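# Descriptive analysis of the structure
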There are 2 protein chains.
Amino acid sequence: MEYGHRQALTDDERIGWLRLIRSENVGPVTFWHLLQHFGSAADALDALPELSRRGGRSKPVRIASVAAAEAEIGAARKAGARLVAAQEPDYPWRLATTEDAPPLVALAGDAALGNVPVVAIVGARNASSNGRRIARTIAQKLGEAGVVVASGLARGIDAAAHTGSLETGTIAVIAGGIDVCYPPEHDELMQDIARRGAILAEQPVGTKPQGRHFPRRNRIISGIASGVLVVEAATRSGSLITARCAGEQGRDVFAVPGSPLDPRCAGANGLLRDGAILTESADDILQVLQPGLRDAPGRASPAPVAQELPVESPPPEAPLEMADTVIADARRSLTDYLSPAPTSVDDLVREFGDDLATVAAALLELELAGKVERHPGNRVALIAA
Amino acid sequence: MEYGHRQALTDDERIGWLRLIRSENVGPVTFWHLLQHFGSAADALDALPELSRRGGRSKPVRIASVAAAEAEIGAARKAGARLVAAQEPDYPWRLATTEDAPPLVALAGDAALGNVPVVAIVGARNASSNGRRIARTIAQKLGEAGVVVASGLARGIDAAAHTGSLETGTIAVIAGGIDVCYPPEHDELMQDIARRGAILAEQPVGTKPQGRHFPRRNRIISGIASGVLVVEAATRSGSLITARCAGEQGRDVFAVPGSPLDPRCAGANGLLRDGAILTESADDILQVLQPGLRDAPGRASPAPVAQELPVESPPPEAPLEMADTVIADARRSLTDYLSPAPTSVDDLVREFGDDLATVAAALLELELAGKVERHPGNRVALIAA
């Protein structure tokens, strides 16, 4: 199996990938580390019990079965969707370049939409009529300029953004499973989007969305886009999480200004204060993105994006083959040093003078043992016992 | 007479200054050049006929009489005001540091207000109720923090800014003479400000404000302030002229964001796009200005500001004493080279390889002859014949 360019998985590979990402303590970042270390999902699955034991786990780590993976693939198909892997041509190419890209996403509708220029529009659920009008108009104008609009199917700004771009191309990224509509009153809109646009979901088919799923979903909204526009957003709102993800992923952040007397504008005004690009119309976005948009792979001419994918050929010396004692030492040092406050992996490497491979191997074992968790920005934290 | 520090003019000097600035073709920049070249207004007045003749003027330049100057001083007094010169302690010290500071301003009310921290608040005459509320609240909060608020006595935002700061200190800079209220319905507000705040006017007593007076007035609003806040302003509005002056004078520019759907917000949003400081409350202004405000001369402890005043001792060799032929050559070159589009004086010096003194002397003669006019930013233009 080659990871260097975009090609379809075999059925067996897809089942291996799905089992690995659905196994206990395996998140996207861990998934990519395992795949890099072992060269295939199947070999990583074989190594999971031993790795988690070395990380200090006493009871066996729960590994997703072949039957469960096949059942999920079947359920997705029944829901009119399919599970697309990050190295496959139908996977949104920009999302594949993020450090914690979902290994697989459930996709319903037109897969090509994720591989043309995409701009995300997000904002308040309790948006004003003016805010919704701005979102709808900008979505429409972006669509007329050949840009696909992504959003989160929420009430308010999200719904306005989807509605404005339904004719030209819209992607809804949802927090639950691909077959679960939230909020329920957007059932018809979701069906329209599945038919004319595209829907993406990271969580397993059938998952009811819970609070923790929404920030995970937000990183996908920004991840598939070249830029994120925030139309109305209160302080401490989900839209600001999306904007922060966008910044971390190197996406442009755009914000529509609003009156200081309207609390719904405080978040967007705060983004402007922090350097977001002031946006009054679609032109403000197009002027910034146009050169970059031309470079993106389009429907007509898919460009090679291999070098940007997080998946690469396994390194010549797989780090997990290094002396167990070296990794065990690093593991002990890390357990002592880490705290529930996220610490940068780069700092850890500097702190211990160890090579990155040793630290990475030790962290992987601790993660699989459920002792350490990943945070955005290549940071890790101890899970409080 | 010494120009290096702030001290009162004698009665004769004040009459000399007033005659010079009220004479034909003498604007503020020309006034300061003349004063620097000749050391006193009286000597400059004596030189005016010859200078304007050399600049190519055939009929005699109109020089303001002693009687006219005395009449204006009397009329100001009758209107409850007095004419304060730029080197005098009661002249707003920040205004005195600008390149085209009015040599004299008519001042009614509390002169001390111009020498404590000042922030200008300007905006649309047809402001929204929300915009007026923001202006009034910010003016009030600035006042509570010890900052005097300046504005232009116009309808809308200006009136709200004055009203909000009437208790704590407000300065109205008006476009016409000190005794002419515009708009007429602000007569009562103007009287309140004269009683409890201060009013400044550059134009001669009795002048009805005309279109060209407003941009001149706007540079004084920004000139007396440490920063200018634009609350609501359409594109191509007077408030944006004030903001541009503020930028040229090195003042901070603040702007309140607003909805893209409201044309009254387009100007302020445009300023934010160009780097103005996003402002939702008085705190946003105070945070930026506070360190600088502490350095400004206050009521309690007037600081020496002499080094910042545009007026300095005459140079050892007065440039107008240089060989007439050298200046005549420069004058001819400049007349050929200049056009009605403003050109930077620095560029002229580079272009001709002449020293600044020669170019300045030639320009002065051309100005007094009515052939060249000054523009902001040390630029000059030919007056179309």
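Residues numbered from 1 in each chain as written. Chains lettered and ligands numbered in written order. Predicted model: local features only at pLDDT ≥ 70, side-chain atom pairs only at ≥ 80, totals over all residues. Heavy atoms only, no water.

### Focus: the interface of chain A and chain B
A common way to state how big an interface is: give the accessible area lost once the parts meet. Between chain A and chain B, the contact holds 17 residues from the first and 17 residues from the second. Of the roughly 1500 Å² buried between chain A and chain B, counting both surfaces, carbon and sulfur atoms make up 62%. Ranking the residues of chain A by area buried against chain B places A:Leu261, A:Arg273 and A:Glu280 at the top, with a combined share of 39%. Across the pair B:Arg273 and A:Asp284 runs a salt bridge whose closest N-O atoms are separated by 2.8 Å. Our count for the chain A to chain B interface comes out at eight residue pairs in polar contact (both at pLDDT 80 or more). For the side of chain A that touches chain B, the secondary structure elements donating two or more residues are helix 6 (129-144) and helix 11 (266-273) of chain A. Top element by residues in the side of chain A that touches chain B is helix 11 of chain A. It accounts for four residues. (Contact = heavy atoms within 4.5 Å. Buried area = accessible area lost by both parts, 1.4 Å probe. Salt bridge = Lys/Arg side-chain N within 4 Å of Asp/Glu carboxyl O. Polar contact = N/O pair within 3.5 Å; in protein donor to acceptor, adjacent residues only side chain to side chain. Helix = DSSP H or I, 4+ residues; strand = E, 2+ residues; numbered from the N terminus.)

### Remarks on the relation of the copies chain A and chain B
Each copy of the sequence occupies a distinct position, and chain A is placed on chain B by a rotation of 180° and an axial shift of 0.1 Å, giving an RMSD of 0.1 Å. Here the copies are linked by what is in effect a two-fold axis. Closest to the rotation axis within chain A is the C-alpha of A:Gly258, separated from it by 2.0 Å. Interface overlap between copies is the fraction of interface residues in one copy that are interface residues in the other; for chain A against chain B it reaches 100%, indicating a shared surface. (Least-squares fit on C-alpha atoms with pLDDT ≥ 70 in both.)

### Considering the confidence of the model for chain A
When pLDDT drops low, the exact placement of atoms in the prediction is not to be read closely. Residues and elements named next belong to chain A. Looking at chain A as a whole, its pLDDT mean stands at 89, while 90% of the residues score no less than 70. Segment residues 295-318 is flagged for pLDDT under 50; beyond a separation of four residues in sequence, or across chains, it makes 37 contacts in the model. As a predicted assembly, this complex carries a pTM of 0.84 together with an ipTM value of 0.78. (pLDDT = per-residue confidence, 0-100.)

### Structural notes on the sheet that holds strand 4 (residues 148-151) of chain B
All names here are of chain B. The nine strands are arranged 1-2-6-5-4-3-7-8-9 in an open sheet whose pairing can be described as mixed. Two strands bound the open sheet, and with one partner strand each, they are strand 1 (81-85) and strand 9 (277-278). Note: strand 2 (residues 104-109) against strand 6 (residues 198-201), four bridges, orientation antiparallel. When the sheet's bridge partners are listed, Gly109 is paired in strand 6 with Ala198. Strands in contact with helix 10 (residues 238-248) are strand 3 (118-122), strand 7 (227-230) and strand 8 (252-255); relative to strand 7, the strand with the most contacts, it is inclined by about 155°. This element, helix 11 (residues 266-273), spans strand 7, strand 8 and strand 9 of the sheet and lies at about 130° to strand 8. (Pairing = 2+ DSSP bridges. Axes fitted to C-alpha atoms, helices over the stretch in contact; angles between N-to-C directions.)

### Overview of the packing of aromatic side chains
Per the stated rule, a full pass over the model turns up eight aromatic pairs over all chains. Look at A:Tyr182 and A:Phe214: their rings are 6.0 Å apart centre to centre, the planes differ by 65°, and that puts the pair in the edge-to-face class. Taken together, the positions of A:Tyr182 in the loop between strand 5 (170-174) and helix 8 (187-196) and A:Phe214 in helix 9 (residues 213-223) put the pair 32 residues apart, joining distant regions of the chain. Overall, the relative accessible area of 43% leaves A:Tyr182 in the partly exposed class. Residues B:Trp17 and B:Trp32 carry aromatic rings whose centres are separated by 5.6 Å and whose planes lie at 85° to one another, so their mutual orientation is edge-to-face. Separated by 15 residues along the polypeptide, B:Trp17 in helix 1 (residues 11-21) and B:Trp32 in helix 2 (residues 28-38) bring together distant segments of the chain. (Phe/Tyr/Trp six-rings, centres within 6.5 Å; stacked < 30°, edge-to-face > 60°. Buried < 20%, exposed > 50% of the residue type's maximum accessible area, 1.4 Å probe, protein only.)

### Regarding the pattern of salt bridges
Within this structure, the stated rule accounts for 40 salt bridges over all chains. The partner of B:Lys141 in a salt bridge is B:Glu144, and the shortest N-O contact between them spans 3.9 Å. Pair noted here: B:Lys141 and B:Glu144 are both in helix 6 (residues 129-144), with a separation of three residues, about one helical turn. By relative accessible area, which is 43% here, B:Lys141 ends up partly exposed. A single salt-bridge network, built from bridges that share partners, covers A:Arg54, A:Arg331 and A:Glu365.

### As for helix 3 (residues 41-54) of chain A
Three or four residues apart is the spacing at which side chains of an α-helix point the same way, because the helix has 3.6 residues per turn. All names here are of chain A. In this model helix 3 runs 19 Å from its N-terminal to its C-terminal C-alpha over 14 residues, within 8% of the 20 Å that 1.5 Å per residue would give. The principal kink in helix 3, of about 45°, is found at Leu48, preceding the proline Pro49 by one to four residues. All of the buried residues along helix 3 are Ala41, Ala44, Leu45, Ala47, Leu48, Leu51, Ser52 and Arg54. Residues of helix 3 that are buried make contact with helix 1 (11-22), helix 2 (28-38), helix 13 (324-337) and helix 15 (356-368). Residue Gly56 follows helix 3 closely and has a positive phi angle near 110°. (Expected span 1.5 Å × (residues − 1). Bend = angle between axes of the 7 residues up to and from the residue.)

### A look at the sheet that holds strand 12 (residues 379-382) of chain B
Strand pairs in the sheet, formed through backbone hydrogen bonds, run parallel or antiparallel to each other. One open sheet accounts for three strands, arranged 10-12-11 (chain B); its pairing is antiparallel. Where the open sheet ends on each side, the last strands, each with one partner, are strand 10 (343-344) and strand 11 (372-375) of chain B.

### Remarks on the side chain of B:Ser222
Residue and element names in this part refer to chain B. By secondary structure assignment, the location of Ser222 is in helix 9 (residues 213-223). Separated by 3.2 Å, the side chain of Ser222 and the backbone oxygen of Arg219 make a polar contact. Apart from the residues within four sequence positions on either side, Ser222 is in contact with Val228, Thr242, Cys245, Ala246, Gln249 and Arg251.

### Notes on the packing of helix 14 (residues 345-352) of chain B against helix 15 (residues 356-368) of chain B
All names here are of chain B. For the pair helix 14 and helix 15, interaxial distance at closest approach is 9 Å and the crossing angle is 120°. For the element pair helix 14 / helix 15, the angle class is oblique. Considering only the axes of helix 14 and helix 15, their crossing is right-handed. Side by side, helix 14 and helix 15 meet where Val345, Leu348 and Val349 of the first sit next to Leu356, Val359 and Leu363 of the second. (Parallel < 35°, antiparallel > 145°, perpendicular 65-115°, else oblique. Left-handed = near helix turned anticlockwise from the far one by under 90°.)

### Quick word on the pairing of strand 8 (residues 252-255) of chain A
All names here are of chain A. Where strand 7 (residues 227-230) meets strand 8, four bridges bridge the pair, whose relative direction is parallel. The residue bridging Val228 from the neighbouring strand is Val253, located in strand 8. Handedness of the β-α-β unit built from strand 7, helix 10 (residues 238-248) and strand 8 comes out right-handed. Sheet topology note: the strand 8/strand 9 (residues 277-278) ladder contains two bridges and is parallel. Bridge pairing in strand 9 places Phe254 opposite Ile277. Following the backbone out of strand 8, through helix 11 and into the adjacent parallel strand 9, one traces a crossover that is right-handed. (Right-handed = clockwise from strand over helix to strand, strands pointing away.)

### Some points on helix 1 of chain B
All names here are of chain B. Within helix 1, nine of the 11 residues are buried, leaving the element largely enclosed by the surrounding structure. Of all the positions in helix 1, only Glu13, Arg14, Ile15, Gly16, Trp17, Leu18, Arg19, Leu20 and Ile21 are classed as buried. Looking at the buried residues of helix 1, the elements they touch are helix 2, helix 3 (41-54), helix 4 (66-78), strand 1 and strand 2.

### Digging into the environment of A:Ala172
All names here are of chain A. Take Ala172: it is sitting in strand 5. Its relative accessible area of 0% is what places Ala172 among the buried residues. Ala172 sits 190 residues away from Ala362 along the chain, and the two C-alpha atoms are 37 Å apart. Setting aside residues up to four positions removed in sequence, Ala172 forms contacts with Ser151, Leu153, His162, Ile193, Ala198, Ile199 and Leu200.

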